[in-house]
Amino acid sequence: MKKILMIAVAIAVTFSAYAQQALFGGQSIVSPEINPDNTVTFRFVAPKAIRVQVTGDFLPPQKMQTSFGEYDGPGYADLKEGENGIWEYTTASPLAPELYSYSFVVDGIKNSDPNNVYQIRDVASVTNIFIVGDGRGGLYGVKDIPHGSVTRRWYDSPGLKTQRRITIYTPPGYENNNQTYPVLYLLHGSGGDEEAWIALGRASQILDNLIAEGKAKPMIVVMPNGHTQNPAAPGESSHGMFKPAMGGGGATSVASMEDTFGDILKFVESNYRVKKNKANRAIAGLSMGGMHSASISAQYPNTFDYIGVFSAPPVVATMGNNQNQDAANEFMKKLETQKKNGYKLYWIACGNTDFLFNSVVESKKKMDEIGFNYVYRESPGGHIWENWRIYLSEFAPMLFK
């Protein structure tokens, strides 16, 4: 018995040692360190490295060329090696209040910051994040206020002949009352899924904080997966743990997001206490989700009183071939019907260096030709989450007035 007890103690000590190593092993390094003046210091241990850089959206952008066109990519800065192989870099000036993402590049190989546990996934990339200051940065943080709930649900989609995963935010107090609420349907871009607005967009923090400040009405926010070929985010379905791809990957779907959006409406209005009328429904999205929002609101022309199109042309491109021209003409007819039925707000927002900026400008001209009223918000910057978080924080307070 005594021998068994000694073995048990030895095992416990071994596990304790591993646990302590996980918690306290290695050097005690703070990275990133947000200094009192809002400059930020980054540190990375690499005693054998030749060059260590940090790359992130807090640095001046650099132009990048992709198959989608030219856009602003994250900048780079060199760290300086100090004692004990610790490389360090401090921003040249204070950073404005905001949520920022970054990674290290060590001798050409991208690395996460081992001293920062806060990470997010964007398509197939994982980056660290940090938040600076109050103001807009504070809007993205968690405060000591009432909080809403975020749930992942599965719904039947007869149009897609499958069950699909959806993320739903309910406002503070939803579970403890019998009130009915308005609904915002919030759609992601081509690189995202039903997790994108929660992880990258900080949607729950933004809504919690705006509602607590009395700047936005309590609302339910529904965040579906816009890639109809995939039932859920990577690793969250029977498709397994495949590598995420821009555009969602997967086989061609049997129907479009526009044609099957009614399945989502039916699920939400059958399972949640919502106000089932046009005045209490909004739809908005970024990039691909912005085009979905424009198309869905036109396809269901008497369903939404509030439409938000972020960093996307509301009108189908007319350049390239006759098929595109025919699609644009058909969409303009739907806009005419949407105009006759009426709506309260059609809000278009885009960064002035966004690779889709010129398409947005051309879309506005087409809408002007038929007298289609909209509100336009132009911001600095490109096709980036910094802009989309701003747009949500500005769009949500305008809803359901």
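Residues numbered from 1 in each chain as written. Predicted model: local features only at pLDDT ≥ 70, side-chain atom pairs only at ≥ 80, totals over all residues. Heavy atoms only, no water.

A look at the overall build of the chain
What counts here: To qualify as a helix, a DSSP run of H or I must reach at least 4 residues; to qualify as a strand, a run of E must reach at least 2; elements of each kind are numbered from the N terminus. A contact between two residues is defined here by any heavy atoms of the two lying within 4.5 Å. Throughout, the Shrake-Rupley method with a 1.4 Å probe supplies accessible areas, and for residues the shown protein chains are the sole cover considered.
Helix and strand counts for the chain stand at nine helices and 20 strands. Taking the intrachain contacts of the chain between residues at least 6 apart in sequence as the baseline, contacts between residues at least 24 apart amount to 72%. Surface summary for the chain: the accessible area is close to 19500 Å², and the carbon and sulfur share equals 54%.

Some thoughts on the pairing of strand E20 (residues 375-379)
Definition in use: A strand pair is defined by DSSP finding two or more bridges across the two strands. A crossover gets the label right-handed when its path from the first strand over the helix to the second runs clockwise, viewed with the strands pointing away from the viewer.
Here strand E19 (residues 345-351) runs beside E20; their pairing, made up of five bridges, is parallel. Note on E20: the bridge partner recorded for Cys350 is Glu378. For the crossover that starts at E19, traverses helix H8 (residues 357-369) and ends in the parallel E20, the hand is right-handed.

Digging into the packing of helix H5 (residues 257-271) against helix H6 (residues 288-299)
Note the threshold: Lines fitted to C-alpha atoms define the axes, with helix axes restricted to the stretch in contact, and inter-axis angles between N-to-C directions lie between 0 and 180 degrees. By definition in this entry, angles of less than 35 degrees are roughly parallel, angles greater than 145 are roughly antiparallel, angles of 65 to 115 are roughly perpendicular, and the rest are oblique. The classification used treats Ala, Val, Leu, Ile, Met, Phe, Trp, Tyr, Cys and Pro as nonpolar, Asp, Glu, Lys and Arg as charged, and all other residues, Gly among them, as polar.
Where H5 meets H6, the closest approach of the two axes is 9 Å, and the angle between their N-to-C directions is 70°. One way to sum up the angle between H5 and H6 is to call them roughly perpendicular. Residues Met257, Glu258, Asp259 and Phe261 of H5 lie in contact with H6, whose contacting residues are His292, Ser295, Ile296 and Gln299. Here the residues of the contact of H5 with H6 are counted per class, giving three nonpolar, three polar and two charged.

Structural notes on the side chain of Asp208
What counts here: Accessible area is worked out with a 1.4 Å probe on protein chains only. A residue is then buried under 20% of its type maximum, exposed over 50%, and partly exposed in between. In summary, the charge assignment counts Lys and Arg as positive and Asp and Glu as negative, without counting His or the chain termini. Any Lys or Arg side-chain nitrogen located within 4 Å of an Asp or Glu carboxyl oxygen qualifies as a salt bridge. Polar contacts, as counted here, are pairs of nitrogen or oxygen atoms within 3.5 Å of one another; within protein the pair requires one atom able to donate a hydrogen and one able to accept it, and residues that are adjacent in sequence qualify only if both atoms are side-chain atoms.
Relative to the helices and strands, Asp208 is located in helix H4 (residues 203-212). Buried Asp208, no salt bridge; nearest opposite-charge side chain is Arg202, N-O distance 9.8 Å. At a separation of 3.1 Å, a polar atom in the side chain of Asp208 contacts the side chain of His147. Dropping the residues within four chain positions of it, Asp208 is found in contact with Ile145, Pro146, His147, Gly148, Tyr169 and Pro172.

Digging into the packing of aromatic side chains
For clarity, the threshold we go by: Within 6.5 Å between ring centres, the rings of Phe, Tyr and Trp (the latter by its six-membered ring) count as paired, and their orientation is classed by plane angle as stacked under 30 degrees, edge-to-face over 60, tilted in between. We call a charge positioned above a ring when the Lys NZ or Arg CZ atom is no farther than 6 Å from the ring centre and deviates by at most 35 degrees from the ring normal.
The final tally for this structure, using the stated rule, is 27 aromatic pairs. Centre to centre, the rings of Trp347 and Phe395 are 5.8 Å apart; their planes meet at 35°, and the pair counts as tilted. Placement of the pair is Trp347 in strand E19 and Phe395 in helix H9 (residues 385-395), with a sequence separation of 48 residues. Here Trp347 falls in the buried class, since its relative accessible area comes to 4%. On the basis of relative accessible area, Phe395 is assigned to the buried category, the value being 0%. Members of the aromatic cluster, each reached through a chain of ring pairs, are Phe42, Phe44, Phe58, Tyr100, Tyr102, Phe104 and Phe130. A cation over an aromatic ring shows up here: Arg389 above the ring of Tyr140, its NZ or CZ 5.5 Å from the ring centre.

A closer look at the side chain of Thr303
Here Thr303 lies in the loop between H6 and strand E18 (306-310). By relative accessible area, Thr303 is classed as buried at 12%. Contact partners of Thr303, with chain neighbours within four places excluded, come to Leu265, Lys278 and Arg281.

Some points on the sheet that holds strand E8 (residues 86-90)
Here four strands make up an open sheet; going across it, the order is E1-E2-E8-E7 and the pairing antiparallel. Bordering the open sheet on either side are strand E1 (33-34) and strand E7 (80-81), each of which pairs with just one other strand. By the bridge criterion, two bridges tie E1 to strand E2 (residues 40-45) in an arrangement that is antiparallel. Along E2, the bridge assignment pairs Glu33 with Thr41.

Some remarks on H9
For H9, the tally of buried residues reaches nine of 11 residues, placing the bulk of the element in the interior. Regarding H9, the residues found buried are Trp385, Asn387, Trp388, Arg389, Ile390, Tyr391, Leu392, Ser393 and Phe395.

Describing the sheet that holds strand E17 (residues 281-286)
Taken in spatial order, the eight strands line up as E13-E14-E16-E15-E17-E18-E19-E20 in an open sheet, and their pairing is mixed. The sheet is open, and its two borders are formed by strand E13 (149-157) and E20, each paired with just one other strand. On average, adjacent strands in this sheet sit at an angle of 20° to one another, irrespective of strand direction. Summarising the sheet, strand E15 (residues 183-187) and strand E16 (residues 220-224) pair through three bridges and their orientation is parallel. Among the inter-strand pairings, Tyr185 is bridged to a residue of E16, identified as Val222. H5 rests against E13, strand E14 (162-170), E15, E16 and E17 of the sheet, and its axis sits at about 120° to E13.

Notes on the nonpolar core
Side chains of nonpolar character tend, in soluble globular proteins, to be buried together. For the record, the criterion: By convention a nonpolar core is built from buried Ala, Val, Leu, Ile, Met, Phe, Trp, Tyr and Cys residues, the set being connected through side-chain atoms within 4.5 Å.
Ranked by internal contacts, the top residues of the largest apolar core, which has 40 residues, are Tyr185, Ile220, Val222, Phe261, Ile264, Leu335 and Tyr346. Per element, the largest residue contribution to this core is six residues, and it comes from H5. Setting aside residues no more than four positions away along its own chain, Tyr346 makes contact with Ala294, Ser297, Ile307, Val309, Pro314, Leu335, Gln338, Met367, Phe372, Asn373, Tyr374 and Val375. One finds Leu99, Leu184, Ala216 and Ala349 within the second-largest nonpolar core, a separate group that totals 38 residues.

Description of the pattern of salt bridges
Side chains carrying opposite charge are able to pair once their charged atoms draw close together. Enumeration over the complete set of coordinates arrives at 16 salt bridges. Close ionic contact of Glu195 with Arg165 constitutes a salt bridge, the shortest N to O distance being 2.8 Å. Remark: Arg165 occurs in strand E14 and Glu195 occurs in the loop between E15 and helix H3 (196-199); sequence separation between them is 30 residues. No difference in accessibility class separates Glu195 from Arg165, as the two residues are buried. Two residues, Lys278 and Asp305, come together in a salt bridge whose shortest N-O distance is 3.9 Å. Taken together, the residues Lys278 in the loop between H5 and E17 and Asp305 in the loop between H6 and E18 connect sequence positions 27 residues apart.

Focus on unusual backbone geometry
Pro32 follows Ser31 through a cis peptide bond whose omega is -5°. Looking at where Pro32 falls in the secondary structure, it is placed in the loop between helix H1 (2-24) and E1. In the Ramachandran plot, Asn84 falls in the positive-phi region, its phi being about 60° despite a non-glycine side chain. Its location among the elements puts Asn84 in the loop between E7 and E8. A relative accessible area of 59% means that Asn84 is categorised as exposed. Positive phi values are uncommon outside glycine, yet Lys161 reaches one of about 55°. Within the element layout of this structure, Lys161 appears in the loop between E13 and E14. A relative accessible area of 71% places Lys161 in the exposed class.

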